[in-house]
Amino acid sequence: QVQLAESGGGLVQPGGSLRLSCAASGSIFVIYAMGWYRQAPGKQRELVATITRGSTTYYADSVKGRFTISRDNAKNTVYLQMNSLKPEDTAVYYCNAGLPDKSGGSYNYWGQGTQVTVSS
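Residues numbered from 1 in each chain as written. Predicted model: local features only at pLDDT ≥ 70, side-chain atom pairs only at ≥ 80, totals over all residues. Heavy atoms only, no water.

Can you lay out the overall build of the protein for me, pointing to particular residues and giving the numbers?
Along the backbone of the protein there are 0 helices and 11 strands. Listing every helix and strand of the protein by position from the N terminus yields β-β-β-β-β-β-β-β-β-β-β. In terms of C-alpha radius of gyration, the protein reaches 14 Å, essentially the compact-globule figure of 14 Å for 120 residues. With respect to the three principal axes, the spread of C-alpha positions in the protein is 45 × 25 × 20 Å. Put simply, of all contacts in the protein between residues at least 6 apart along the chain, 53% involve residues at least 24 apart. A total of about 6500 Å² of accessible surface is found on the protein, and carbon and sulfur atoms cover 47% of it. Side chains of the protein carry 11 positive and 7 negative charges; the gap between the two charge centres is 3 Å. (Helix = DSSP H or I, 4+ residues; strand = E, 2+ residues; numbered from the N terminus. Rg over C-alpha atoms; globule rule 2.2 N^0.38 Å. Contact = heavy atoms within 4.5 Å. Areas by Shrake-Rupley, 256 points an atom, 1.4 Å probe, with all protein chains shown as cover. Lys, Arg positive; Asp, Glu negative; His and termini not counted. Charge placed at Lys NZ, Arg CZ, Asp CG, Glu CD.)

Describe in detail unusual backbone geometry, supporting the description with residues and values.
Non-glycine residue serine 55 carries a positive phi angle of around 75°. Position of serine 55 relative to the elements: it lies in the loop between strand 5 (46-51) and strand 6 (57-59). On the basis of relative accessibility, which here comes to 42%, the residue serine 55 falls in the partly exposed class. Phi at serine 84 takes a positive value of approximately 50°, unusual for a residue other than glycine. Residue position: serine 84 is located in the loop between strand 8 (77-82) and strand 9 (91-100). Among the residues examined, serine 84 registers a relative accessible area of 42% and is labelled partly exposed. (Buried < 20%, exposed > 50% of the residue type's maximum accessible area, 1.4 Å probe, protein only.)

Quick one: what's the story with the pattern of salt bridges, residue by residue and with numbers?
A pair can form between side chains of opposite charge whenever their charged atoms are brought close. Going through the model one piece at a time under the given rule, you end up with 4 salt bridges. In this structure, the salt-bridge partner of arginine 38 is glutamate 46, at a minimum N-O distance of 2.7 Å. Residue classification places arginine 38 among the buried positions, given a relative accessible area of 5%. Of the residues examined, glutamate 46 reaches a relative accessible area of 37% and is grouped as partly exposed. Sharing partners across several salt bridges, the network here consists of Arg38, Glu46, Arg66 and Asp89. (Salt bridge = Lys/Arg side-chain N within 4 Å of Asp/Glu carboxyl O.)

Residues and numbers for the side chain of serine 21, please.
When you line up the elements, serine 21 lands in strand 3 (residues 18-26). Classification of serine 21 by relative accessible area gives buried; the value is 18%. Setting aside residues up to four positions removed in sequence, serine 21 forms contacts with Ala5, Glu6, Ser7, Trp36, Val78 and Tyr79.

Give a description of the nonpolar core that names residues and reports values.
In this structure, Trp36, Leu80, Met82 and Tyr93 are the most contacted members of the largest nonpolar core, which totals 31 residues. Going through the elements one at a time, strand 1 (2-7), strand 3, strand 4 (34-39), strand 5, strand 7 (67-72), strand 8, strand 9 and strand 11 (114-118) are the ones with two or more residues in this core. Looking at this core element by element, the count peaks at 5 residues for strand 9. Tyrosine 93 has contacts with Glu6, Leu20, Trp36, Tyr37, Arg38, Val48, Phe67, Leu80, Met82, Gly113, Thr114 and Val116, leaving out every residue within four places of it along the chain. (Core = buried A, V, L, I, M, F, W, Y, C linked by side-chain atoms within 4.5 Å.)

For the environment of proline 14, give the residues involved together with the corresponding values.
Mapped onto the elements of the fold, proline 14 is located in the loop between strand 2 (10-12) and strand 3. Residues within four places of proline 14 in sequence aside, it is in contact with Leu85, Pro87, Val118, Ser119 and Ser120.

All quantities given are derived from atomic positions and should not be read as evidence of function.
See below:
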């Protein structure tokens, strides 16, 4: 079994910064892509950013230039540095990681989520 544990959420004023972390633990041989998603009240979960094992990144247009995703493969950890936060960034942020499954494909694991609230 694999577990993902997020940390770093909280309350921040508009224009502020937060850094989210997500550590994977358990039976891990390799982790493929990792990413962050978010879900605001009354809205569907949306992709925020992803990063491949080779550190190729992708960002949603809404966070480009403000958020930075990174990973430490030795620690099985992915990070999300969030700067210039806006009230519309308020959401529960979820970590996602793709690992190999027994059929030769991949399986996506999810964390429990961490709340980010941007408010004055």
